[in-house]
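Overview (structure and organization)
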Amino acid sequence: MFWNHPKTLADATVPAKQDENDKSKFTAEITLTADEFAQYRGYLSVLATDTFQNKSDKKVDNGNIIVVDTIAPEITVEYIPYDKLVDYYYNNAVDVTLTVTEANFYKENVKVSVSKDGGEAQPVAVTWTSNSVDSHTGTYTLSGDGDYIVYVEYSDYSGNVMVDGEGEKVQKYESHIVTIDMVNPEVEMEFSEKDQTTTFTIVEHNFDPAGITVA
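Here is what the cut-offs are and how they apply
Residues numbered from 1 in each chain as written. Predicted model: local features only at pLDDT ≥ 70, side-chain atom pairs only at ≥ 80, totals over all residues. Heavy atoms only, no water. Helix = DSSP H or I, 4+ residues; strand = E, 2+ residues; numbered from the N terminus. Buried < 20%, exposed > 50% of the residue type's maximum accessible area, 1.4 Å probe, protein only. Contact = heavy atoms within 4.5 Å. Areas by Shrake-Rupley, 256 points an atom, 1.4 Å probe, with all protein chains shown as cover. pLDDT = per-residue confidence, 0-100. Pairing = 2+ DSSP bridges. Axes fitted to C-alpha atoms, helices over the stretch in contact; angles between N-to-C directions. Phe/Tyr/Trp six-rings, centres within 6.5 Å; stacked < 30°, edge-to-face > 60°. Lys NZ or Arg CZ within 6 Å of the ring centre and 35° of its normal. Core = buried A, V, L, I, M, F, W, Y, C linked by side-chain atoms within 4.5 Å.

Looking now at the overall build of the chain. Along the chain, the regular secondary structure elements total 0 helices and 19 strands. Going through the 215 residues of the chain one by one, you find that 25% of them count as buried. A separation of at least 24 residues holds for 58% of the contacts in the chain among residues at least 6 apart in sequence. Taken as a whole, the chain presents about 15,200 Å² of accessible surface, with 50% of it coming from carbon and sulfur.

Once that is clear, we can look at the confidence of the model for the chain. Summarising the model, the chain shows a mean pLDDT of 76, and 69% of its residues fall at 70 or more. By mean pLDDT, the top-scoring element of the chain is strand E12 (residues 122-123) (96), and the lowest-scoring one is strand E1 (residues 2-5) (44). Contacts from residues 1-9, a stretch scored under 50 in pLDDT, to residues over four places away or in other chains number 34 contacts.

Moving on: the sheet that holds strand E10 (residues 94-101). The strand order across the open sheet built from 4 strands is E8-E10-E14-E13, with neighbouring strands paired in antiparallel fashion. Where the open sheet ends on each side, the last strands, each with one partner, are strand E8 (74-80) and strand E13 (127-130). When the angles between neighbouring strand axes are averaged without regard to direction, this sheet yields 20°. Across 4 bridges, E13 lies against strand E14 (residues 135-142) in antiparallel orientation. Looking across to E14, one finds that Thr127 is bridged to Thr139.

For strand E11 (residues 110-116), the tally of buried residues reaches 5 of 7 residues, placing the bulk of the element in the interior. Across 7 bridges, the pairing between E11 and strand E15 (residues 146-154) is antiparallel. By the bridge assignment for E15, Lys111 is matched with Glu153. Pairing analysis gives 2 bridges linking E11 to E12, with the strands arranged antiparallel. The residue bridging Val114 from the neighbouring strand is Gln122, located in E12.

Despite not being glycine, Asp117 shows a phi value in the positive range, around 55°. With respect to the secondary-structure elements, Asp117 resides in the loop between E11 and E12.

Right, let's get into the packing of aromatic side chains. Tallying each qualifying case throughout the model produces 3 aromatic pairs. Ring plane angle 75° and centroid distance 6.0 Å describe the contact between Tyr79 and Tyr88, whose orientation is recorded as edge-to-face. Exposure remark for Tyr79: the relative accessible area of 7% places this residue in the buried category. The rings of Phe105, Trp128 and Tyr154 are connected pair by pair, giving a single aromatic cluster. Against the face of Tyr151 rests Lys172, its NZ or CZ located 4.9 Å from the ring centre.

Of all hydrophobic cores here, the largest spans 23 residues; its most connected members are Tyr79, Leu98, Leu142, Val150 and Val152. Of all elements in the fold, only E8, E10, E11, E15 and strand E17 (178-180) reach the threshold of two or more residues within this core. Look past the residues within four positions of Val152 in its chain and what remains in contact with it is Ile75, Leu98, Val110, Lys111, Val112, Met162, Lys172 and Tyr173.

Listed below in structure tokens is the structure:
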């Protein structure tokens, strides 16, 4: 038997077991193994040799690609642009950028959903670009005023669950609340001659008293 993948060509002699009912048939098995830091992608080819060194034609099964993948995909999520005044508060549309490090990447395995203003999360379409065999970037734009939460779920075809930038397994990524606020605050002022007081009414979704200046 031969194990073929882009980086190596390995030969292995595998003992065959004779069938109990049909003595002309023999069966051989091979196990492909990998440690937690390895992954392989390739196909098998087989050549049979009998006791008298008579050899069969080599059968190549390159129509069926075998993937041995024990490495968890790594994912990072960023929010662009960075020139915000306060973390996760923006006065413009926000590009959500997902970077996935994974050799056996299929975009349909990445499930991205977004919740707005406390509503139920809805799946969104992400645009993917492959930078190399191992690096893939997806983008989605949050637009319009609102409070958003981004969710990401991803495991590869081998069942490896994604890990974050620190190597920790993440069953489901959940962002902080990302707030887009492009509406200027409104200030209403009412003066009372009787009490000699002025009352301010501020209409603002993201109100912070620290941002008020009275001169």
